[in-house]
Amino acid sequence: MCVSVRVLDDGAWISIDGTREVGVSDLWRLSEHEFCQCATADVLLEGFFDARKRGDIIEARPTGRCIICGERGSMGWLTIGHVEDGEFVPVDPSHEHRIEPP
Ligand SMILES: [Zn+2]
């Protein structure tokens, strides 16, 4: 199975097999991360600058801003979904997420 993962529209979208699947402007909850000092950060994504497929997992590197402490910057790899039977299944941004160091 071949799945192509790309960053589109100057980082506004992650495209999977040519379909815009995950966009910025969602609030993502990070529980294991080095993005800022918050134990649990709520980060409003502002853009994606990299994306990849690792096994069946789709990951992206976003930039954003923590709405709790105001820290702004980029982060490591965030899992945004996975592929199941050829279909993209997105994760829920409001669940707690772990950031894989780049
Ligand atoms: Zn923070």
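That block above? That's the structure.
Residues numbered from 1 in each chain as written. Predicted model: local features only at pLDDT ≥ 70, side-chain atom pairs only at ≥ 80, totals over all residues. Heavy atoms only, no water.

A. Spatial organisation of the coordination of the zinc ion. At the metal site, the zinc ion is ligated by C36 (SG), C38 (SG), C66 (SG) and C69 (SG), and these contacts range over 2.3 to 2.4 Å. Viewed at the metal, the four donor atoms of the zinc ion are separated by angles of 105 to 112°, and the geometry they form is tetrahedral. Between the donor residues of the zinc ion, the gaps in sequence give the motif C-x1-C-x27-C-x2-C. One end of the pair, C38, is in the loop between strand 4 (27-32) and strand 5 (41-54); the other, C66, is in strand 6 (residues 57-66), with 28 residues separating them in the sequence. Like C38, the residue C66 is buried in the burial classification. (Donors = N, O, S within 2.8 Å, 3.2 Å for Na, K, Ca; no water. Tetrahedral: all angles 85-135°; square planar, octahedral: opposite > 155°, others 65-115°. Helix = DSSP H or I, 4+ residues; strand = E, 2+ residues; numbered from the N terminus. Buried < 20%, exposed > 50% of the residue type's maximum accessible area, 1.4 Å probe, protein only.)

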